[in-house]
Amino acid sequence: MFSENFIWGVASSAYQIEGRDQADGAGACVWDAYCEQGKSYDGADATITCDHMHRYKEDFALMRQLGVKHYRFSISWARLMPEGIGRVNEQAVAMYRDMITEMKKNGITPYITLFHWEYPQALQDQGGWLNEHSPEWFAEYAAVVAENFSDLCEYFFTLNEPQCFTGLGHLSGAHAPGYKLPLQYTFQIVHNVLKAHGMAVLALREHAKHPIKIGYAPTCGVALPATDDPRDVEAAKKVYFGFYSDLDNWTWNVSWFSDPVFLGHYPEEGLKKFAPYLPKITEADMELIAQPIDFMGQNVYNGYLVRAGADGEPEFVKRAPGYAKTACGWPVTPECLYWGPKFLYERYGMPLFITENGMSCHDMVSADGCVHDPNRIEFLDRYLGQVQRALDDGVDLRGYFEWTFLDNFEWEKGYNERFGMVYVDFQTQKRIVKDSAYWYQKVMETNGAILSCNRP
Ligand code: FCB
């Protein structure tokens, strides 16, 4: 069952909802350049998106009406520090301070993500994450965040989905900055990113005005055992923490990104497989990366099936024909919220938060003026049922943040995907609460009692 203190929340990120204002003093980030090159679906950009920077008061009032008490959002690095380092944009400080104050007035606890991909273009022009100084740059930004907001906020996450902004951003080129770099560069980038995490933890703690709590929010598809047979469970675990992806997809793994942070070393299997491409890794680096933190976040959307073959080695199982999918084609696999947290807790023993989970639907406004999204209710009901199952199994799962509050700019997919609890008409900026938001409100109010798994 969900404990009385279980944290029910929603998540968002700055770039996807804030929009820009000619007078805002923000610097450009790598996604601006990406959009200017027309790379996002239908030539979309985030100049306006949800115009949250001018509408957050109404948005937080709506959150309050919908019973949201915990909100994970990001500060845009490029907005706060237009050149990435050095000068601080005081308008951004004022805006985020007002935002957080407004959240709190509405009874909403803030959880700040430091980096949800808003990488300053000015630093990208100096090599970005490949530059050996990139960890220090990030630490400088973390210090500014702590100086300016830690009196108002207790919870911080360093990095959102490092697998994505390193791999999609620098290996496949699907995300900003859109690079397809040679493998050895990508290993250097990831090592720098992990060092940046460690340095940011130190900087946050050093500059915080009050004691704060820090987490990390990586991601990855979850390997799901095809059956409950212990051999299949072992096979799935082996794949989940192992290195079964092709090299040109190597950042899709859990342990390369989480073992250093929580166990203080890179996984042996990866060290062997990646040996020809690795940068210099020192003991001091590993100590830095493994700064003690308070909890582990994990963004979880779906999984894939694995079983033990005749020789005991893992085998990937093809999905059934006609398997359920979300609007953007992601498979619907509720068990990922059971097996993912269970495997992670076994390996890392950290208190866990599901920092993102949700689905895109083909939402539309019906003749009655409402947005009916039964598929999303079904999805969340089944996924949350698996969270409860993990809790019942003793996993120390502290909270769940639904992705996301408002329909928004979905990166390379532009406005083609709607993930929100609240529908946004991007022509008029009108917000329409979807049925699933009212449903989630009841889930939060009843602490999960209305989930179908709890029906007699
Ligand atoms: C995650 C991202 C988030 C959003 C969701 C749908 O990978 O962290 O910004 O794009 O997927």
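As shown above, the structure is provided for reference.
The rules behind each value
Residues numbered from 1 in each chain as written. Predicted model: local features only at pLDDT ≥ 70, side-chain atom pairs only at ≥ 80, totals over all residues. Heavy atoms only, no water. 1 Å grid on protein atoms, 1.4 Å probe; cavity = no way out; pocket = protein on both sides within 12 Å on 5 of 7 lines; lining within 4 Å. Points joined across faces, edges and corners; volume = space filled by probe spheres on them. Helix = DSSP H or I, 4+ residues; strand = E, 2+ residues; numbered from the N terminus. Nonpolar A, V, L, I, M, F, W, Y, C, P; charged D, E, K, R; others polar. Near = heavy atom within 4 Å. Polar contact = N/O pair within 3.5 Å; in protein donor to acceptor, adjacent residues only side chain to side chain. Areas by Shrake-Rupley, 256 points an atom, 1.4 Å probe, with all protein chains shown as cover. Sits in = over half its atoms within 2 Å of the grid points. Bend = angle between axes of the 7 residues up to and from the residue. Buried < 20%, exposed > 50% of the residue type's maximum accessible area, 1.4 Å probe, protein only. Contact = heavy atoms within 4.5 Å. Pairing = 2+ DSSP bridges. Axes fitted to C-alpha atoms, helices over the stretch in contact; angles between N-to-C directions. Left-handed = near helix turned anticlockwise from the far one by under 90°. Phe/Tyr/Trp six-rings, centres within 6.5 Å; stacked < 30°, edge-to-face > 60°.

Asks: Honestly, empty space enclosed by the protein in this entry has me stumped. Any pointers?
Replies: Where empty space is left can be seen by rolling a probe of water-molecule size over the atoms. Summed over the entire model, instances satisfying the criterion amount to four cavities of 30 Å³ or more. One number sums up the size of the largest cavity: a volume of about 120 Å³. Around the largest cavity sit 13 residues that line it, and Tyr15, Glu18, Arg20, Ser76 and Arg79 are the ones nearest its centre. Going through the elements one at a time, helix H1 (14-17) and helix H4 (77-80) are the ones with two or more residues in the lining of the largest cavity. In this model, the second largest cavity occupies a volume close to 60 Å³. Lining the second largest cavity, in full, are Val30, Phe115, Trp117, Tyr119, Gln124, Trp129, Phe165, His170, Ala176 and Pro177. Here the lining of the second largest cavity is built from residues that sort into eight nonpolar, two polar and no charged.

Asks: Would you take a moment to explain the site of the ligand for this structure?
Replies: Among the 13 residues in the neighbourhood of the ligand, the closest are listed as Gln16, His116, Asn160, Glu161 and Glu410. Within the side chain of His116, a nitrogen or oxygen atom sits 2.8 Å from an oxygen atom of the ligand. The contact in question runs from an oxygen atom of the ligand to an N or O atom on the side chain of Glu410, over 2.7 Å. Protein chains bury 95% of the 290 Å² of accessible surface belonging to the ligand in isolation. A majority-of-atoms criterion places the ligand in the largest pocket. When the residues that make up the shell around the ligand are grouped by side-chain class, the tally is six nonpolar, four polar and three charged.

Asks: Hey, could you run me through helix H3 (residues 52-65) in this one?
Replies: Its axis deflected by about 40 degrees at Glu58, H3 carries its strongest bend there. Burial in H3 covers these residues: His52, Met53, Tyr56, Asp59, Phe60, Leu62 and Met63. Just past H3, the residue Gly67 takes up positive phi, approximately 75 degrees.

Asks: Help me understand the side chain of Gln124 in this model?
Replies: Here Gln124 shows up in helix H6 (residues 121-124). If we skip the residues at most four places from it in the chain, Gln124 touches Val30, Tyr119, Pro177 and Tyr179.

Asks: Is there a simple way to explain the sheet that holds strand S9 (residues 314-316) in this structure?
Replies: Strand pairing within a sheet occurs via backbone hydrogen bonds; the two strands may be parallel or antiparallel. Taken in spatial order, the three strands of this open sheet run S6-S8-S9, and their pairing is mixed. Every interior strand has two partners, whereas the edge strands, strand S6 (222-225) and S9, have only one. Strand after strand, the sheet turns through a mean of 45 degrees between neighbouring axes, direction not considered. Looking at chain direction, S6 and strand S8 (residues 303-308) are connected through four bridges and run parallel. From the neighbouring strand, Leu224 faces S8, where its bridge partner is Leu305. Contacts between helix H10 (residues 230-241) and the sheet are confined to S6, S8 and S9, with S8 contributing the most and set at about 125 degrees to the helix.

Asks: Looking at this structure, how should I read the sheet that holds strand S5 (residues 213-217)?
Replies: Taken together, the eight strands give a closed barrel; going around it, the order is S1-S2-S3-S4-S5-S7-S10-S11, and neighbouring strands pair in parallel fashion. The sheet shows a mean angle of 25 degrees between the axes of neighbouring strands, direction not considered. Sheet topology places S5 next to strand S7 (residues 295-299); two bridges connect them, and they run parallel. The partner of Tyr216 across the bridge, within S7, is Met296. The sheet strands contacting helix H7 (residues 134-149) are strand S3 (109-115) and strand S4 (155-160), and the helix crosses S3 at an angle near 160 degrees. Along the sheet, helix H15 (residues 374-392) makes contact with strand S1 (7-11), strand S10 (352-357) and strand S11 (397-403), crossing S11 at roughly 170 degrees.

Asks: Just checking my understanding: could you explain the packing of helix H14 (residues 336-348) against H15 for this structure?
Replies: Two measures define how a pair of helices packs: the angle their axes make with one another and the distance between the axes. Where H14 contacts H15, the axes come no closer than 7 Å and their chain directions differ by 35 degrees. Of the two elements, H14 crosses H15, and the hand of that crossing is right-handed. Each of Cys336, Leu337, Tyr338, Trp339 and Pro341 in H14 lies in contact with H15, whose residues at this interface are Tyr383, Gln386, Val387, Arg389 and Ala390. Per-class residue counts for the contact of H14 with H15 are eight nonpolar, one polar and one charged.

Asks: I keep staring at unusual backbone geometry and nothing clicks. Help me out?
Replies: Across residues other than glycine, the phi torsion is negative in most instances, and most of the peptide bonds are trans. Omega for the bond connecting Ala176 with Pro177 falls within 30 degrees of zero, at 5 degrees, which places this linkage in the cis form. Of note, the amide linkage connecting Trp403 to Thr404 takes the cis form, showing an omega dihedral of 15 degrees. Mapped onto the fold, Thr404 is located in the loop between S11 and strand S12 (422-424).

Asks: Would you take a moment to explain the layout of surface pockets for this structure?
Replies: Of the volumes computed, that of the largest pocket is approximately 840 Å³. At the level of elements, helix H8 (162-170), H10 and helix H12 (268-274) are the ones that each hand at least two residues to the lining of the largest pocket. Residue classes in the lining of the largest pocket are distributed as 19 nonpolar, 11 polar and seven charged.

Asks: Explain the packing of aromatic side chains here, please?
Replies: Aromatic rings considered in pairs are described by the distance between their centres and by the relative angle of their planes. Across all of its chains, the model carries 62 aromatic pairs by this definition. Ring centres 4.8 Å apart and planes at 50 degrees place the aromatic pair Trp31 and Trp411 in the tilted group. Here Trp31 is found in helix H2 (residues 30-36), whereas its partner Trp411 is found in the loop between S11 and S12, with 380 residues between them in sequence. For the ring pair Phe115 and Trp129, a centre distance of 5.7 Å and an interplane angle of 75 degrees mean the geometry is edge-to-face. Note that Phe115 is positioned in strand S3 and Trp129 in the loop between H6 and H7, a separation of 14 residues in sequence. Residue classification places Phe115 among the buried residues on the basis of a relative accessible area of 1%. You can call Trp129 buried: its relative accessible area is 1%.

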